[in-house]
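Residue-level structural notes
One-letter residues, chain by chain:
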Amino acid sequence: MHFNHYSDEGAQLAAAVVNTRLDSPADIVALAAEHYLLLEHAPTDDDVAGLRRWRAALAGVVDAPTPEARIEALNRLLARGTAHPRISLHNGPPHVHFRPDDVPPERQFAAITAFGLAWFLTQRGLHRLARCAADDCTIAFADVTRNGRQRYCSPRCANRAAVRRHRARPSAP
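Each value, and the rule that gives it
Residues numbered from 1 in each chain as written. Predicted model: local features only at pLDDT ≥ 70, side-chain atom pairs only at ≥ 80, totals over all residues. Heavy atoms only, no water. Helix = DSSP H or I, 4+ residues; strand = E, 2+ residues; numbered from the N terminus. Buried < 20%, exposed > 50% of the residue type's maximum accessible area, 1.4 Å probe, protein only. Contact = heavy atoms within 4.5 Å. Lys, Arg positive; Asp, Glu negative; His and termini not counted. Charge placed at Lys NZ, Arg CZ, Asp CG, Glu CD. Polar contact = N/O pair within 3.5 Å; in protein donor to acceptor, adjacent residues only side chain to side chain. Axes fitted to C-alpha atoms, helices over the stretch in contact; angles between N-to-C directions. Parallel < 35°, antiparallel > 145°, perpendicular 65-115°, else oblique. Left-handed = near helix turned anticlockwise from the far one by under 90°. Nonpolar A, V, L, I, M, F, W, Y, C, P; charged D, E, K, R; others polar. Core = buried A, V, L, I, M, F, W, Y, C linked by side-chain atoms within 4.5 Å. Salt bridge = Lys/Arg side-chain N within 4 Å of Asp/Glu carboxyl O. Phe/Tyr/Trp six-rings, centres within 6.5 Å; stacked < 30°, edge-to-face > 60°.

What about the overall build of the protein chain?
Assigned secondary structure in the protein chain consists of 6 helices and 4 strands. Beginning at the N terminus, the succession of helices and strands in the protein chain can be written as α-α-α-α-β-β-α-β-β-α. Projected onto its principal axes, the C-alpha coordinates of the protein chain cover approximately 70 × 30 × 30 Å. Across the 173 residues in the protein chain, those meeting the buried criterion constitute 40%. Partitioning the intrachain contacts of the protein chain with sequence separation of at least 6 by distance along the chain shows that 54% fall at a separation of at least 24. Positive and negative side-chain charges of the protein chain, numbering 22 and 18 respectively, have mean locations separated by a distance of 10 Å.

Structure representation (structure tokens):
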């Protein structure tokens with residue numbers, strides 16, 4: 001199966017980059033494997049440092065206070081992370097890349113997350129990238145639900161918030 005990382009998967013990868021500790025090249029390998037991303041090169045310490053900087057830029061999109069600010073942050077990411085689109089034949093059937101072939105992992109992640117987020121948010125809605133609404137959680141997520149009303153990063157956080165709301169209600173006499 002061939003994944004189109006420049007759509008929903010790219011947005012989910014962007015959220016994962018924001019949420020993931022990136023302490024070593026092994027962390028990059030694990031993140032790539034979790035998202036079915038074939039790395040063209042083994043990650044280096046330079047890729048770790050670069051992805052940490054990219055994570056901060058992605059967090060700026062997640063935390064943008066207005067739709068206009070989100071669009072500005074996305075445009076900055078697109079300018080930094082993507083290149084002229086081209087068709088590539090490596091690794092299977094022809095597919096589109098928004099970067100040259102044979103780039104380091106940092107550049108792969110940048111192109112996929114920048115264009116993936118741009119596509120996802122313009123097609124699905126700018127509100128579909130957020131942080132968990134639970135008071136004690138800051139996890140970022142891309143809302144791929146059908147109705148686009150996801151507020152929590154997981155059912156666990158949603159359930160904990162519901163229990164807190166229930167316990168905060170005054171008890172019946």
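Having seen the model, we can carry on.
Some remarks on the side chain of Thr82
Turning to its location among the elements, Thr82 is positioned in the loop between α4 (67-81) and β1 (86-88). For Thr82, the side chain forms a polar contact with the main-chain oxygen of Leu78, separated by 2.6 Å. Here Thr82 is in contact with Leu77, Phe98, Arg107, Ala111, Ala114 and Phe115, once residues within four sequence places are set aside.

Description of the packing of helix α1 (residues 8-19) against helix α3 (residues 45-62)
Two elements in contact, α1 and α3, have axes separated by 9 Å at closest approach and are oriented at 115°. Here α1 is positioned roughly perpendicular relative to α3, judged by the angle of their axes. Here α1 runs over α3; the crossing is left-handed. When α1 is examined against α3, the residues Ala14, Val17 and Val18 are found in contact with a partner set consisting of Arg55, Leu58, Ala59 and Val62. Of the residues belonging to the contact of α1 with α3, the class tally is 6 nonpolar, no polar and 1 charged.

With respect to unusual backbone geometry
Here the phi dihedral of Tyr36 falls at roughly 55°; this positive angle occurs in a residue that is not glycine. Checked against the element boundaries, Tyr36 lands in the loop between α2 (25-34) and α3. On the basis of relative accessible area, Tyr36 is assigned to the exposed category, the value being 57%.

So, the nonpolar core
Residues Leu58, Val61, Phe109 and Leu117 are the most contacted members of the largest nonpolar core, which totals 36 residues. For this core, the secondary-structure elements that each account for two or more residues are α1, α2, α3, α4, α5 (105-124) and β4 (140-142). Not counting the four nearest positions on each side in its chain, Leu117 is found in contact with Ala11, Ala14, Leu58, Val61, Leu74, Ile112 and Leu129.

Some points on the pattern of salt bridges
Scanning the model with the defined rule gives 8 salt bridges in all. Where Asp23 meets Arg21, a salt bridge forms, and the shortest distance between an N and an O atom there is 2.6 Å. Relative accessible area serves as the criterion here: at 42%, Asp23 is assigned to the partly exposed category. Take Arg21: its relative accessible area is 62%, and that puts it in the exposed class. Notably, a salt bridge pairs Arg52 with Asp23, separated by 3.4 Å at the nearest N-O pair. In this pair, Arg52 sits in helix α3 while Asp23 sits in the loop between α1 and α2, placing the two residues 29 residues apart along the sequence. Through salt bridges with shared partners, one network takes in Arg21, Asp23 and Arg52.

Section: the packing of aromatic side chains
Aromatic ring pairs: the centre-centre distance and the angle between the two ring planes describe each pair. Following the criterion strictly, the structure yields 1 aromatic pair and no others. Note on Phe98 and Phe115: the rings are 3.8 Å apart at their centroids and 10° apart in plane angle, and the pair reads as stacked. With Phe98 in the loop between β2 (95-97) and α5 and Phe115 in helix α5, this residue pair connects regions lying 17 residues apart in the sequence. For Phe98, a relative accessible area of 14% corresponds to the buried category.

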